[in-house]
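# Descriptive analysis of the structure
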Amino acid sequence: MIRFGVIGTNWITDRFIDGASKLDNFQLNAVYSRTEEKAREFASKYNVEHTYTDLNELASSDKIDAVYIASPTAFHSEYAIACMKGGKHVIVEKPFASNEQEVQTMVDTAKQQKVTLMEAMKTTHVPNFKLIQESLDKIGPVRRFVANFCQYSSRYDKYKEGIVLNAFKPELSNGSLMDIGVYCIYPMVALFGGPDRVKATAYILESGVDGEGTVTVDYPSLNGVCMFSKITNSAIPSEIQGENGSIVIGKFSDMNDVKIVYKDGSEEILDTAQEENTMYYEAKSFIESIENNEIENTVNTWGNSLNTIRVLDQARKEIGVVFPADKK
């Protein structure tokens, strides 16, 4: 049984707990929040006894073995390092951290402390993603990767009213590239590795983060296009184009509605049965890494995380988005 503490009391933490609770070896045992009231309120939903408002107390607690971190991105590195130094295994929401320097420090700490550290990118763990990986040869040499994830944020209406919530604050290392674009970039990196060249364009909001944007990348034998937004929706699918056909993907973050369309017009459905809450798979894989004494997950590798943050860093450089974390 792996006893978990959670940092962050928002909907994504609820979703992680819901997915992980389907596993026999997951137990929620502690909640951390910066305020006692929020910690107790969240803990009461799950009948959890232990709450913390002091990070170091959580990190050194003998009540937990692992920590799930879903704080704003600006705090990911600090919280993860503190927990790992306390001997805890750590799974951190995407994006892993604010920049490459923070990610590298996290990885170095995991090696020193000999604890499991994993980025919580769910997409690469779902069964349909494995089917896509195994089917790339069917479409021949891949020449283009097109990922599209545009989702109008429920917080954007408030933003337009003059209320800037966390999702649009640069001091929290947020924006559409970091929050949504990472869903496009990470699977691309997992499939094809780090690209040779990165270019980006974006619409920058007055708060200093991007509302929507596009990242284009070059590999030796293919091009990649990643489109993302928190201020518009999109109804078009994503696609991996090969010389003999295309893999068409409906909802990219969950890899739902997947099929191959061959160049002769014939189709092959790739969809397999998946848990409705796809965060189940990342929780399962993280716990398996802990139980197998693997400090690095075999799917969400540190190499994937580092290659992804390098793309995010270069894209931010291109569009002119700077976080306070970059100046540390």
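Residues numbered from 1 in each chain as written. Predicted model: local features only at pLDDT ≥ 70, side-chain atom pairs only at ≥ 80, totals over all residues. Heavy atoms only, no water.

With an unreviewed UniProt entry as reference, the protein chain is termed Oxidoreductase, source organism Gracilibacillus salitolerans.

## Section: the side chain of Lys88
Its location among the elements puts Lys88 in the loop between helix 4 (76–85) and strand 5 (89–93). It is Asp65 that comes nearest to the buried, bridge-free Lys88 among opposite-charge side chains, at 7.3 Å. Of the polar contacts made by the side chain of Lys88, one reaches the backbone oxygen of Ser61; its length is 3.0 Å. Ignoring sequence-local partners within four residues, the contact set of Lys88 consists of Leu58, Ala59, Ser60, Ser61, Ile64, Asp65, Val67, Cys83 and Val115. (Helix = DSSP H or I, 4+ residues; strand = E, 2+ residues; numbered from the N terminus. Buried < 20%, exposed > 50% of the residue type's maximum accessible area, 1.4 Å probe, protein only. Lys, Arg positive; Asp, Glu negative; His and termini not counted. Salt bridge = Lys/Arg side-chain N within 4 Å of Asp/Glu carboxyl O. Polar contact = N/O pair within 3.5 Å; in protein donor to acceptor, adjacent residues only side chain to side chain. Contact = heavy atoms within 4.5 Å.)

## Focus on the side chain of Lys94
Locating Lys94 in the fold gives a position in the loop between strand 5 and helix 5 (100–113). Discounting residues that sit within four places of it in the chain, Lys94 has contacts with His76, Glu119, Ala120, Met121, Asp179, Val182 and Tyr183.

## Here we look at the UniProt feature "domain: GFO/IDH/MocA-like oxidoreductase" (unreviewed entry) in the protein chain
Per the UniProt annotation, the sites labelled "domain: GFO/IDH/MocA-like oxidoreductase" (unreviewed entry) are residues 138–248. Helix and strand shares over residues 138–248 are 20% and 38% respectively, and the end C-alpha atoms of the span are 13 Å apart. (UniProt positions renumbered as here; feature names shortened; annotations may be inferred.)

## Here we look at the pattern of salt bridges
Tallying each qualifying case throughout the model produces 19 salt bridges. Here Asp65 makes a salt bridge to Arg3, at a shortest N to O gap of 3.0 Å. Remark: Arg3 occurs in strand 1 (residues 2–7) and Asp65 occurs in the loop between helix 3 (55–60) and strand 4 (66–69); sequence separation between them is 62 residues. Glu100 serves as the salt-bridge partner of Arg310, at 3.0 Å between the closest nitrogen and oxygen. Within this pair, whereas Arg310 is found in helix 10 (residues 302–319), its partner Glu100 is found in helix 5, the two being separated by 210 residues in sequence.

## Describing helix 9 (residues 279–291)
In this model helix 9 runs 19 Å from its N-terminal to its C-terminal C-alpha over 13 residues, within 8% of the 18 Å that 1.5 Å per residue would give. Burial of helix 9 is extensive: ten of the 13 residues sit out of reach of the surface. All buried positions along helix 9 are accounted for by Met279, Tyr280, Tyr281, Glu282, Ala283, Ser285, Phe286, Ile287, Ser289 and Ile290. Of the residues one or two after helix 9, Asn293 is the one with positive phi, at around 60°. (Expected span 1.5 Å × (residues − 1).)

## Focus on the domain arrangement of the protein chain
You can read the domains of the protein chain as domain 1 (2–121 + 279–297) and domain 2 (124–275 + 308–326). Computed over C-alpha atoms only, the centres of domain 1 and domain 2 are separated by 25 Å. Listed as interface residues are 22 residues of domain 1 and, on the opposing side, 26 residues of domain 2. Interface area lost by domain 1 to domain 2 is led by Glu100, Met121 and Tyr281, which between them contribute 36%. There are two salt bridges connecting domain 1 and domain 2. (Domains from an automatic or database assignment. Buried area = accessible area lost by both parts, 1.4 Å probe.)

## Here we look at the sheet that holds strand 4
Picture the strands of a sheet paired through backbone hydrogen bonds; they go either parallel or antiparallel. Read across the open sheet, the six strands follow the order 3-2-1-4-5-6; overall the sheet is parallel. Of all strands in the sheet, those bounded by a partner on one side alone are strand 3 (50–52) and strand 6 (117–120). Ignoring which end each strand starts from, the neighbouring axes of this sheet average 25° apart. Relative to strand 3, strand 2 (residues 26–32) runs parallel, the two being bridged by three bridges. The residue of strand 3 that forms the bridge with Ala30 is His50. (Pairing = 2+ DSSP bridges. Axes fitted to C-alpha atoms, helices over the stretch in contact; angles between N-to-C directions.)

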